[in-house]
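Now for the letters of each chain:
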Amino acid sequence: MKILVAIKRVVDSSISIRVKADGSGVDLDNVKMSMNPFCEIAVEQAIRLKEQGVATEVVVVSIGAAKAEDTLRAALAMGADRAILVTTEHRAEPLGVAKLLRAVALEEQPDLILLGKQAIDDDANQTGQMLAALLNWGQGTFASALTIADGIATVTREVDSGLQTIALPLPAIVTTDLRLNTPRFASLPNIMKARAKPLRKATAEEFGVDLTPRLKLLSVEAPPKRPPGIKVASAAELVTRLKAAGALTP
Amino acid sequence: MTTLLLAEHDNKTLDPRTARALTAALALGGPVHVLVAGHQCAAVAESARQLTGATRVLLADDPAYAQALAEPLTTLILAQTAYSAFVAAATSTGKNVMPRVAALLDVMQVSEITAVLGPDTFQRPTYAGNAIEAVQATDAIKVVTVRTSAFAEAKTGGDAELVRLAPAVDPALSRYVGSAATASDRPDLTSAKVVISGGRAFGSQQQFDALLVPLAAKLNAAIGASRAAVDAGYASNEQQVGQTGKIVAPDLYIACGISGAIQHLAGMKESHVIVAINSDPDAPIFQYADFGLVGDLFEILPELTALL
Ligand SMILES: Cc1cc2nc3c(=O)[nH]c(=O)nc-3n(C[C@H](O)[C@H](O)[C@H](O)COP(=O)(O)OP(=O)(O)OC[C@H]3O[C@@H](n4cnc5c(N)ncnc54)[C@H](O)[C@@H]3O)c2cc1C
Ligand SMILES: Nc1ncnc2c1ncn2[C@@H]1O[C@H](COP(=O)(O)O)[C@@H](O)[C@H]1O
């Protein structure tokens, strides 16, 4: 069984970003970039399935600037077998990304595609669902557990009311939530080995996919600041203050 | 120019987030119809009929929709062809279904809008709420999910007409196996007026419950948690507040033993009054707190509970 994992290069989750003063976007110059944390979880899950003998090959794919090669190498260092980099000049939106991933999937014919549930930059939470739609496959989103047996993926999903378990005949799409696993760190020897692993480069145009954005970005602003608060000395003072602020109406 | 709003429910009651999403749907300018898809959910449709502003309720009552699986729900929504906009609350169901609908309409979804600036122009947070985008959706059909904490509930008192829908063909791409919901008599996190959240500092599930449940009972509060508290098993996943959990904006939010990572702040910083209790005077959460109390929560929380 072959697994395809879609990974995105994003601003590192520890960074507090700054909005550009002219309102045109977020300042990404000299900002630390990393693999989207949910994508790391997806890569880890694919590698575990290979280690368990369920999967035979793990292919990672990323769409974006040439620098996304670093992110793909990081996935190869974790244990993925080969990588596909699709470069584009556009600010790729989930719909365009899903169309490209569909094109890649038609070539690669994976049995399972893993994605993160959400990219922590655009916070869209769309791409996996869109890809499932375009391929007419079943989708198991927000997965906190995944087992594969007899051509069926059983997915436990984190939903608003708790957990929901569904069964999907393969091929299928699964998007990862935080508690699916804890991703490994790549060892130095594996980082070295990853440099020699195959990485194919292509452009969005070669796949015949138009990535022109459908959402026109009009402006980007920093959120309004909250007025500074005060420190209280005790639980009793807290109660007095909350009552005075009208925040304790029963 | 009619909008179809997907109702959020558990087959028994209409989730209040639907009324909030309706406010956003009405702001698009056209008439709004509400789709109630479920099984044995007539009571939900009845509640939806009473939402002020909705002119029609479409009821699809069939076992195929009992668990709100994405694939059959998508087919049903796409069978409703007379609409120029499809809207849902950004619940786990809305987030699961709507992008599937959007892709098949060849539309780019606008996720988690926090304001409607015009019929095709929306505000939405990105980067954990640290960059607020204004975007214009250029597709002819709009597909939108709504961050319900940013919109007021539409009132009740309406009397929409009820139309029954035949089920659409189930693509049979997924099968429901089971669910696990944590039993709780606390109010729902997304609709409670008061939310008390606990973090890693509690050290165990026993201490988490022993300190927070009595306080929550006094304040009629919902209990939330940081990711660290959920990962450690002190609280369950549906209690996680944050960028990748639930977004809340109650009248009062009390963060106990939570440091205030950007991912947590993303889920609660729009709360009206924020209280932080933390032993570290430099914890980032204090920068967002209206009232900060530096100290040991194991002493402070029982004191606070006794005072209320
Ligand atoms: C992709 C991604 C998504 C994430 N999504 C979320 C999310 O949705 N929600 C979320 O919450 N986090 C999320 N996180 C995690 C987030 O980055 C933080 O790690 C997490 O919020 C920390 O939880 P915490 O504040 O409970 O723990 P810590 O950061 O460890 O803070 C514990 C706090 O307790 C205080 N403390 C210790 N003992 C006491 C005591 N006795 N009395 C009082 N105070 C005490 C300490 O001073 C400290 O400030 C995400 C992270 C990533 C990478
Ligand atoms: N440019 C991209 N390249 C590869 N995968 C992507 C890209 N954008 C999104 N994805 C995948 O889709 C997931 C969800 O992203 P989003 O829908 O943008 O929140 C990510 O975690 C990735 O797995």
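This one's a predicted model, so the numbers in the text were calculated from it and none came from an experiment.

Draft legend 1. Up close: the overall build of chain B. Each helix and strand in chain B was counted, giving 8 helices and 16 strands. For 308 residues, the compact-globule estimate of 2.2 N^0.38 gives 19 Å, and the C-alpha radius of gyration of chain B, at 20 Å, lies within 12% of that figure. With the principal axes as the frame, chain B shows a C-alpha extent of 60 × 40 × 40 Å. Considering chain B as a whole, with its 308 residues, one finds that 61% of them fall into the buried category. Sequence separation of 24 or more characterises 64% of the internal contacts of chain B that already satisfy a separation of 6 or more. Taken as a whole, chain B presents about 11300 Å² of accessible surface, with 51% of it coming from carbon and sulfur. Charge-centre separation for chain B: the mean point of 20 positive side chains lies 3 Å from the mean point of 29 negative side chains.

Draft legend 2. Summary view of helix H8 (residues 297–307) of chain B. Residues Leu297, Ile300, Leu301, Leu304 and Thr305 of chain B constitute the buried set of H8 of chain B. Looking straight down H8 of chain B, one finds its buried side chains confined to an arc of 130°; they lie on one side. Summarising the geometry of H8 of chain B, the exposed residues directed more than 90 degrees from the buried face are Glu299 and Ala306 of chain B. On its buried face, H8 of chain B is in contact with helix H6 (235–244) of chain A together with helix H5 (205–219), strand E14 (252–256), strand E15 (273–278) and strand E16 (291–294) of chain B. For H8 of chain B, the side-chain oxygen to backbone nitrogen distance between the N-cap and phenylalanine 298 of chain B is 2.9 Å, and the N-cap itself is aspartate 296 of chain B.

Draft legend 3. Local environment of the sheet that holds strand E9 (residues 142–146) of chain B. Residue and element names in this part refer to chain B. Read across the sheet, 7 strands follow the order E5-E9-E4-E1-E2-E3-E10 without closing on themselves; strand pairing throughout is parallel. A single partner strand is all that each edge strand has here, and the edge strands are strand E5 (110–113) and strand E10 (161–164). Across the sheet, the mean angle separating the axes of adjacent strands is 25° when strand polarity is ignored. Where strand E4 (residues 85–89) meets E9, 5 bridges bridge the pair, whose relative direction is parallel. Opposite alanine 89, over in E9, you have valine 146 as the bridge partner. Packed onto the sheet, helix H1 (residues 17–27) meets strand E1 (3–6), strand E2 (32–38), strand E3 (54–61), E4, E5 and E9 and runs at close to 150° relative to E4. Of the strands in this sheet, E2, E3 and E10 are in contact with helix H2 (residues 42–49), which crosses E3 at around 170°.

Draft legend 4. Summary view of the packing of aromatic side chains. Per the stated rule, a full pass over the model turns up 2 aromatic pairs over all chains. Here the aromatic rings of tyrosine 83 of chain B and phenylalanine 86 of chain B are separated by 6.1 Å at their centres, their planes lie at 65°, and the arrangement is edge-to-face. The pair tyrosine 83 of chain B / phenylalanine 86 of chain B is uniform in exposure class, with both members buried. Geometrically, the ring pair formed by phenylalanine 202 of chain B and phenylalanine 208 of chain B is edge-to-face, given 5.2 Å between the ring centres and 65° between the ring planes. Stacked on the ring of phenylalanine 286 of chain B, the Lys or Arg lysine 231 of chain A has its end atom at 4.5 Å from the ring centre.

Draft legend 5. Broad picture of the interface of chain A and chain B. Contact residues are listed per partner, giving 75 residues for chain A and 81 residues for chain B. For the pair chain A and chain B, the summed buried area comes to about 6500 Å², and 56% of that belongs to carbon and sulfur atoms. If you sort the residues of chain A by the area they bury against chain B, Asp160, Arg214 and Arg226 of chain A come out on top, with a joint share of 12%. Along the contact surface separating chain A from chain B lie 7 salt bridges. A salt bridge links arginine 226 of chain A to aspartate 290 of chain B; the shortest N-O distance between them is 2.8 Å.

Draft legend 6. Local environment of the site of ligand 2. All names here are of chain A. Within the structure, ligand 2 sits among 19 residues, and Ala6, Ile63, Ala119, Asn125 and Thr127 are positioned closest to it. Within the backbone of isoleucine 7, one N or O atom sits 3.4 Å away from a nitrogen atom of ligand 2. Between ligand 2 and alanine 119, the relevant distance is 2.7 Å, taken from an oxygen atom to a main-chain nitrogen or oxygen of the residue. Its free accessible area being 480 Å², ligand 2 has 99% of it covered by the protein chains. Elements with a minimum of two residues in the shell around ligand 2: strand E4 (57–64), helix H3 (94–108) and strand E6 (112–116). With 3 residues, the single largest contributor to the shell around ligand 2 is E4.

Draft legend 7. Quick look at the environment of lysine 246 of chain B. Counting through the fold element by element, lysine 246 of chain B comes out in the loop between helix H6 (227–231) and E14. Given a relative accessible area of 9%, lysine 246 of chain B falls into the buried group. Remark: the alpha-carbon pair of lysine 246 of chain B and glutamine 67 of chain B, spanning 179 residues in sequence, is separated by 20 Å. Non-local contacts of lysine 246 of chain B, meaning those with residues more than four positions away in its chain, are made with Asp160 of chain A together with Leu189, Thr190, Glu238, Gln240, Val241 and Gly267 of chain B. Reaching out from lysine 246 of chain B, the side chain makes a polar contact with the backbone oxygen of aspartate 160 of chain A at a distance of 2.7 Å.

Draft legend 8. Representation of the side chain of histidine 264 of chain B. Summarising the element assignment, histidine 264 of chain B is placed in helix H7 (residues 262–265). Overall, histidine 264 of chain B belongs to the buried group, its relative accessible area being 6%.

Draft legend 9. Here's a closer look at the nonpolar core. By size, the foremost hydrophobic cluster in this structure holds 87 residues, and its most contacted members are Ile113 of chain A together with Val36, Ile113 and Phe122 of chain B. For this core, the element with the most residues is H3 of chain A, which contributes 8 residues. Those residues in contact with valine 36 of chain B, other than ones at most four positions away along the chain, are Ala7, His9, Cys41, Val44, Ala45, Ala48, Val57, Leu58, Leu59 and Ala60 of chain B. Listed in part, the 42 residues of the second largest apolar core include Ala68, Ala77, Ala83 and Ala143 of chain A.

Parameters and conventions
Residues numbered from 1 in each chain as written. Chains lettered and ligands numbered in written order. Predicted model: local features only at pLDDT ≥ 70, side-chain atom pairs only at ≥ 80, totals over all residues. Heavy atoms only, no water. Helix = DSSP H or I, 4+ residues; strand = E, 2+ residues; numbered from the N terminus. Rg over C-alpha atoms; globule rule 2.2 N^0.38 Å. Buried < 20%, exposed > 50% of the residue type's maximum accessible area, 1.4 Å probe, protein only. Contact = heavy atoms within 4.5 Å. Areas by Shrake-Rupley, 256 points an atom, 1.4 Å probe, with all protein chains shown as cover. Lys, Arg positive; Asp, Glu negative; His and termini not counted. Charge placed at Lys NZ, Arg CZ, Asp CG, Glu CD. Arc of directions from axis to C-beta. Polar contact = N/O pair within 3.5 Å; in protein donor to acceptor, adjacent residues only side chain to side chain. Pairing = 2+ DSSP bridges. Axes fitted to C-alpha atoms, helices over the stretch in contact; angles between N-to-C directions. Phe/Tyr/Trp six-rings, centres within 6.5 Å; stacked < 30°, edge-to-face > 60°. Lys NZ or Arg CZ within 6 Å of the ring centre and 35° of its normal. Buried area = accessible area lost by both parts, 1.4 Å probe. Salt bridge = Lys/Arg side-chain N within 4 Å of Asp/Glu carboxyl O. Near = heavy atom within 4 Å. Core = buried A, V, L, I, M, F, W, Y, C linked by side-chain atoms within 4.5 Å.

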